[in-house]
Amino acid sequence: MFTRAIVRPPSQNFADGLTTHKGQPPNHKKAQEQHESYCQALAKCGLTLTHLAPDEAHPDSTFVEDVAVLTKNTAILTRPGAKSREGEVANIRDPLKTFFKSIQEIQSPGTVDGGDICEAANHYFIGLSQRTNEEGAKQLAIFLAQSGHTSTLVDIRAMKTILHLKSGIAAIGEHQLVVMEEMADRPQFRGYEIIRVPPEETYAANCIEVNGQVLIATGFPKLAAALANQGFQYRPLEVSEFQKMDGGLSCLSLRF
Ligand code: GLY
C-alpha cells in the first residue's frame, strides 16, 4: 500500500524540456490541468500529496520520479543521465529527508534515471538505457541489496522506441507485468504473468497501480480491455501534454 506521493507541477517553460517529439509543443495550461487531474486521481487512491513548487530552472522537473528511487526505508537519490536534469536532485533532497531517515546517493560516473527502475514487489528491474549507465546500475543494485531487495538488469540501449525502461513496462497486481510487445519475451520477465501491450499502444505500457487502482493513459482501448479482463479496476487519465515531452503517468510522482 502507498500512503504518500510527491509531485511537482509543470513550470511555465515546461516545453523547453528534453523531448524526441517533433510535433506541436505542449500547452502549459493544458499540462497544468492534466497534472491537477492526475493529483486528484492519486488522492482518490488514498494518497496524501506533497506538492513541490514548479522549478523553471529545470523544465523537466515535473518528471519527479527520475530523481529518486524509493524503497520502504531508504531514498536513493539518482544522478540523471541528461546534463540539464542533474540540478533536479538537489531540489528533492530536503522533501525526501522529511520522510526517509536513510538517504543514499548515486555517485559520478554513475548515472541513473528513476524512470529506468521498475519495482515489482521485492524485486527491482534496472534498465540500462541512454540515461542509466552500467556504473549507476551497479551502485543502485548494491543500495537495493542493502535494503533487502533483489534486482536484475534489462538492457534497452539498442531500443529506439522508448526513453526509459518504464516507458515500456509496469508492475501491477501481485505478480503481473504490463509489457510492450517488443520487450515481452525478455528472459528477465519469465515467471511473471505478462499483459502484452500491442505496438500501436506502446505508450500505454507506462501505467501505474496505486492501491488496487490502475491509472492508464486515455485512448488505449486494447490495454484497457486487457486490464478489465484480468479483473483490474482502471482509471483513464489524459496525459497528452506530458507524452509530448516523453513523459507519462509513472514519471509524474514519487509514490511511497
Ligand atoms: N522529458 C523527459 C526527459 O527527457 O527526461
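Above this text is the structure in question.
All values derive from a computational prediction rather than experimental measurement.

Notes on the sheet that holds strand β1 (residues 4-7)
Phase 1 of the analysis: On the basis of which strands lie adjacent, the open sheet formed by 3 strands has the order β2-β1-β15 and mixed pairing. The open sheet has two edge strands, β2 (48-51) and β15 (254-255), and neither has a second partner.
Phase 2 of the analysis: Across 4 bridges, the pairing between β1 and β2 is parallel. In the sheet register, Ile6 faces β2, and the bridge partner there is Thr50.
Phase 3 of the analysis: Here helix α2 (residues 90-99) sits on the sheet and contacts β1, β2 and β15; the angle it forms with β1, its principal contact strand, is near 170 degrees.

Looking at the packing of aromatic side chains
Phase 1 of the analysis: For the structure shown, the criterion picks out 8 aromatic pairs.
Phase 2 of the analysis: One aromatic cluster is present, built from ring pairs that chain together Phe14, Phe63 and Phe242.

Describing the sheet that holds strand β4 (residues 74-77)
Phase 1 of the analysis: Taken in spatial order, the 3 strands make up an open sheet running β3-β4-β5, and their pairing is mixed. Both outer strands of the open sheet, β3 (68-70) and β5 (102-105), are each paired with one neighbouring strand and no more. Neighbour-to-neighbour, the strand axes of this sheet turn through a mean angle of 20 degrees, independent of strand direction.
Phase 2 of the analysis: With 3 bridges joining them, β3 and β4 adopt antiparallel strand pairing.

So, the site of the ligand
Phase 1 of the analysis: Taken together, Leu18, Asp60, Phe63, Arg85, Arg131, Leu163 and Met245 form the complete shell of residues around the ligand.
Phase 2 of the analysis: A distance of 2.7 Å separates a nitrogen atom of the ligand from a polar side-chain atom of Asp60.
Phase 3 of the analysis: Among the residues making up the shell around the ligand, the classes are represented as 4 nonpolar, no polar and 3 charged.

Notes on the side chain of His123
Phase 1 of the analysis: Considering the arrangement of structural elements, one finds His123 in strand β7 (residues 123-128).
Phase 2 of the analysis: One polar contact links His123 to Thr152, side chain to side chain, over a distance of 2.9 Å.
Phase 3 of the analysis: Excluding anything up to four places from it in sequence, His123 contacts Cys118, Thr150, Ser151, Thr152 and Tyr192.

Topic: the nonpolar core
Phase 1 of the analysis: Ranked by internal contacts, the top residues of the largest apolar core, which has 39 residues, are Tyr38, Leu42, Val178, Leu215, Leu223 and Leu227.
Phase 2 of the analysis: Those elements giving two or more residues to this core turn out to be β1, α1 (28-44), β9 (169-172), β11 (193-197), β12 (208-210), β13 (213-217) and α4 (221-229).
Phase 3 of the analysis: Here Leu42 is in contact with Ala5, Val7, Leu47, Leu49, Ile208, Val210, Leu215 and Ser253, once residues within four sequence places are set aside.
Phase 4 of the analysis: The next biggest cluster of nonpolar side chains, apart from the first, holds 16 residues, and it includes Met159, Leu177, Met180 and Met183.

Conventions used here
- Residues numbered from 1 in each chain as written.
- Predicted model: local features only at pLDDT ≥ 70, side-chain atom pairs only at ≥ 80, totals over all residues.
- Heavy atoms only, no water.
- Pairing = 2+ DSSP bridges.
- Helix = DSSP H or I, 4+ residues; strand = E, 2+ residues; numbered from the N terminus.
- Contact = heavy atoms within 4.5 Å.
- Axes fitted to C-alpha atoms, helices over the stretch in contact; angles between N-to-C directions.
- Phe/Tyr/Trp six-rings, centres within 6.5 Å; stacked < 30°, edge-to-face > 60°.
- Near = heavy atom within 4 Å.
- Polar contact = N/O pair within 3.5 Å; in protein donor to acceptor, adjacent residues only side chain to side chain.
- Nonpolar A, V, L, I, M, F, W, Y, C, P; charged D, E, K, R; others polar.
- Core = buried A, V, L, I, M, F, W, Y, C linked by side-chain atoms within 4.5 Å.
- Buried < 20%, exposed > 50% of the residue type's maximum accessible area, 1.4 Å probe, protein only.

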